[in-house]
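Chain and residue survey
Letter by letter, the chains look like this.
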Protein chains: 2
Amino acid sequence: MLNRVRSAVAHLVSSGGAPPPRPKSPDLPNAASAPPAAAPEAPRSPPAKAGSGSATPAKAVETRASFSRPTFLQLSPGGLRRADDHAGRAVQSPPDTGRRLPWSTGYADPPFSSSLWPGSQVAVTFLSLASRHRRRVINAGKSRHNEDQACCEVVYVEGRRSVTGAPRELSRGQGLCFYYWGLFDGHAGGGAAEMASRLLHRHIREQLKDLVEILQDPSPPPLCLPTTPGTPDSSDPSHLLGPQSCWSSQKEVTHESLVVGAIENAFQLMDEQMARERRGHQVEGGCCALVVVYLLGKVYVANAGDSRAIIVRNGEIIPMSREFTPETERQRLQLLGFLKPELLGSEFTHLEFPRRVLPKELGQRMLYRDQNMTGWAYKKIELEDLRFPLVCGEGKKARVMATIGVTRGLGDHNLKVCSSTLPIKPFLSCFPEVRVYDLTQYEHCPDDVLVLGTDGLWDVTTDYEVAATVDRVLSAYEPNDHSRYTALAQALVLGARGTPRDRGWRLPNNKLGSGDDISVFVIPLGGPGSYS
Amino acid sequence: MLNRVRSAVAHLVSSGGAPPPRPKSPDLPNAASAPPAAAPEAPRSPPAKAGSGSATPAKAVETRASFSRPTFLQLSPGGLRRADDHAGRAVQSPPDTGRRLPWSTGYADPPFSSSLWPGSQVAVTFLSLASRHRRRVINAGKSRHNEDQACCEVVYVEGRRSVTGAPRELSRGQGLCFYYWGLFDGHAGGGAAEMASRLLHRHIREQLKDLVEILQDPSPPPLCLPTTPGTPDSSDPSHLLGPQSCWSSQKEVTHESLVVGAIENAFQLMDEQMARERRGHQVEGGCCALVVVYLLGKVYVANAGDSRAIIVRNGEIIPMSREFTPETERQRLQLLGFLKPELLGSEFTHLEFPRRVLPKELGQRMLYRDQNMTGWAYKKIELEDLRFPLVCGEGKKARVMATIGVTRGLGDHNLKVCSSTLPIKPFLSCFPEVRVYDLTQYEHCPDDVLVLGTDGLWDVTTDYEVAATVDRVLSAYEPNDHSRYTALAQALVLGARGTPRDRGWRLPNNKLGSGDDISVFVIPLGGPGSYS
């Protein structure tokens, strides 16, 4: 099948030009000597000066590449050129000859945008909002390049200060390491995805710097940190005597919830950096972000968008994320439109209808849902109901403001409703949902894996099909063969291209495949060599 | 144990006076000839004239009782007086000699407020918001009477019109029946709970009137209803030709989602009626509402508040609701406070802290969470952070604006922050979450039950303990003995009073019991005679 796919592509696409040398990317504010983004296997060197992590202007960056692939693919300039040459297509994974990805991770993506295939228009939705609003919608008209990006790193965190507030000597032995994987599914341009793939883990590192000592101390985290040395710790319960004793007792805060908070705030700071730098650095478009952090025995899965993570453990499927789409977040979006009607302009209504309301139906009664309802009821159609609904469509065709099909992610600061000045960003959230999996609570075998995939995988592959592929591919390899996880990632990408499912676009062999870019990480949860 | 409890109460409480005769209750707008609220067993007679269900003023009602109990308890004036006499305590259930409740339902509640017990102050929380805000909070300082109310009915729904819009003859044979159970846990006065127990099912009936024909037609519900006879049904897909064909296809709406929408809107209309009539009818306080509707083979469980419903099926526990409290709805409340800061006045902050911030901690860094976070992070304390947090406390002590411990329910339109004009109602939602259970998908045995209980039960009893009691009590009765479900409800109430758990208040026998009112419905899901 692969050969047929390859020869078909050779007829359809023309070669792209050689990309310019990879430019310097935007960096974290004040992190002057931050290590390069790609440093597989070895923990990072700590920066000479720890930055404050606050929102100060970033350094200027000269230019941006038109096309780039994850650094860990170790593509030479020639390899990058070939990857951009759609005729020379093959599923991309890190080279066998190079150093393995951290944690024996498997990775695969196709180096081309699938929309160049015949029939890709099936995935293209047109929506009309009066005639002037007829347009292609985000994520449907695909760009020529693969807008997915990925990152896989081991990151060293140097503590910023001691718990008592006293500045302490920078001592590498007292720092923390975390493993990091990120998938970034770009839309409307590759800039946001590429920026996130280079910087989000550094924002997480910045957020964790204050927690290095606290996370390594088994006692509960202090609720309050003094700013000057010698100040008594005001989290001392004696402060609660007197009138305060009428209060309910103080809440217990876990170490785990501090890491969750650090990841959440890192997403927000990443998004704020994109907003600040979007002009200077051409941060076009936006991206969904699915990130995994392994720290001190626990796996944190943070998802903002429609990518998905599942654990396959002894054949059992454990969902580690949920998707954020106009359908799953309908009530949040509608509530915002209801509370802030100025965000809807005069063109949109926060009410949902099962189809477009026609002017001649004024006065009739149609089914609707508002921000409080999960069921449907009839209402009399009024003039305002003829406006375009804030949320419309179903499944992959669901859209916010007739434009975008995901509701969480990074970037999209310039995104406007077509032929309008209405910004869409207020309805999008940059905050991920973070789920935690305690790796120490279960004895894992080498076939237990965490699979991360962008929506291109899950649109045409069920969780059960992924679990079956895990079983089929891994059983064909020796447990200590580290290439098994890369082979699995490749098999998942190839399978998603040709799955006979009634959606997506038609392959030359008359099967249906995903119309989206596909990127997959396979992270082994146990077994020999996986904890490298 | 019961005797010891009884003699202890006899020493502690004084007899209440005889209650006035039960007054006429407020009624549904324009439902002039609605049947009386209590009509167990027999389906209702249809009203002679179907009302419009719109928000028109209700009829005037002369007076309100200071104390009332569910009508199906069939208490005579003397019985009601004895129920209000705390010395004569016994768990209340419908009399054995009377007609059974519909569906062989079991019911039990204690006829007194448990806060009259020694040690009930344990359940009382004081919060200070500066000294002027020191006060008892809602749901902690219990009223003298049981503020719980209940309703169990069979309701007949006469269709209002035909789908084609033509007024059709009122024909009883074409109507629908639904079974209805409601538990209403009142706070800060019994008015809202009593009003809801008398009227909410009528609001549901009003909402269903438009759906009678649609729900009995197996074809998908029409998306649009014409208003005049003869108008072509505009849900015809031919209307989607032309420019509309660019649209995504119309959504499928199920019959089930229409019933869900009807229940949701009935809750809202009930709440609006309370707002309109709160002065004329002395609708004091508010109430949580847990409602079950059985219609056309499906069980709809609608919950707004902190009551709970579980199904115990073959020993397995199936949760049928979740609780809405300041903790479970923290992010919704914080988002509202963030988007509408005027609702917080100058006294509250939408941020959450793990304990009260002290003025001397200004400039230090304390853990916090905002509306987007599930984890915690440190922030520098600023002047605004010294305000009282919108959400504070944990578990049963969690409060919105230092006042109320539940976040959904009916009423509370007059509720203000103490010593302030700030209304709390904007943060409360009257909308239930509705879960659906298809009774036809499983073969039920006589021991399978749906248990509804107010928080007084669940505060001291786990789901598993309830399931064990179900097994223990029902196995002691013949399957066709209908009193088994009432015995089970009584056992659950008695068990919750004396459970040895480290919360609540201390019983004379040194056990700990619930400090709250307790009401329990047990609804059998199968077996002989249960579908009466």
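Residues numbered from 1 in each chain as written. Chains lettered and ligands numbered in written order. Predicted model: local features only at pLDDT ≥ 70, side-chain atom pairs only at ≥ 80, totals over all residues. Heavy atoms only, no water.

To continue, consider the confidence of the model for chain A. Residues and elements named next belong to chain A. In the predicted model, chain A carries a mean pLDDT of 75, and the fraction of residues at 70 or more is 66%. Segment residues 29–65 is flagged for pLDDT under 50; beyond a separation of four residues in sequence, or across chains, it makes 90 contacts in the model. Confidence drops under pLDDT 50 across residues 499–512; counting only partners more than four residues distant or on other chains, this segment forms 45 contacts. We note a pTM of 0.79 for the whole complex and an ipTM of 0.78 for its interfaces. (pLDDT = per-residue confidence, 0-100. Contact = heavy atoms within 4.5 Å.)

All names here are of chain B. Among the structural elements, E153 can be located in strand β4 (residues 148–157). On the accessibility criterion, E153 (3% relative accessible area) is buried. Counting along the chain gives 47 residues from E153 to G106, while the straight-line C-alpha distance between them is 13 Å. (Helix = DSSP H or I, 4+ residues; strand = E, 2+ residues; numbered from the N terminus. Buried < 20%, exposed > 50% of the residue type's maximum accessible area, 1.4 Å probe, protein only.)

Okay, the pattern of salt bridges next. All names here are of chain A. Inspection of the entire model under this criterion finds 43 salt bridges over all chains. In this structure, the salt-bridge partner of R308 is E323, at a minimum N-O distance of 3.1 Å. On the criterion of sequence distance, the pair formed by R308 in strand β9 (residues 308–313) and E323 in the loop between β10 (316–319) and α6 (330–339) is long-range, its members being 15 residues apart. Assigned by exposure class, R308 and E323 land together as buried. We note a salt bridge from R313 to E316, for which the minimum N-O separation is 3.5 Å. Owing to a relative accessible area of 14%, R313 belongs among the buried residues under this scheme. Note on E316: relative accessible area 42%, which makes it partly exposed. (Salt bridge = Lys/Arg side-chain N within 4 Å of Asp/Glu carboxyl O.)

Between its first and last C-alpha, helix α5 (residues 255–277) of chain B extends 33 Å over 23 residues, near the 33 Å set by a 1.5 Å rise per residue. Burial runs high along α5 of chain B: 17 of the 23 residues are buried. (Expected span 1.5 Å × (residues − 1).)

Turning our eyes to something else, we now look at unusual backbone geometry. Phi at L296 of chain A is positive, roughly 50°, even though this residue is not glycine. Within the secondary structure, L296 of chain A sits in the loop between β7 (286–295) and β8 (298–304). In the Ramachandran plot, D412 of chain B falls in the positive-phi region, its phi being about 65° despite a non-glycine side chain. On the secondary structure map, D412 of chain B appears in the loop between β17 (410–411) and β18 (433–438).

Take the packing of aromatic side chains next. Taken as a whole and assessed by the stated rule, the structure comprises 10 aromatic pairs over all chains. A centroid spacing of 5.8 Å and a plane angle of 80° characterise the contact between F348 of chain A and F388 of chain A, whose relative ring orientation is edge-to-face. Of this pair, F348 of chain A sits in strand β11 (residues 348–349) while F388 of chain A sits in strand β14 (residues 388–389), placing them 40 residues apart in sequence. For the residue pair F348 of chain A and F388 of chain A, the accessibility class agrees, reading buried in each case. Ring centres of Y179 of chain B and W181 of chain B lie 6.3 Å apart, and the angle between their planes is 20°; this geometry places the pair in the stacked category. Here Y179 of chain B and W181 of chain B have matching classes, each one buried. Three or more aromatic residues joined by ring pairs form one cluster here, namely Y179, W181 and Y294 of chain A. For the cation-ring pair, R313 of chain B lies above Y442 of chain B, with the distance from its terminal atom to the ring centre recorded as 3.7 Å. Directly above the ring of F324 of chain B sits R408 of chain B, whose terminal nitrogen or CZ lies 4.0 Å from the centroid. (Phe/Tyr/Trp six-rings, centres within 6.5 Å; stacked < 30°, edge-to-face > 60°. Lys NZ or Arg CZ within 6 Å of the ring centre and 35° of its normal.)

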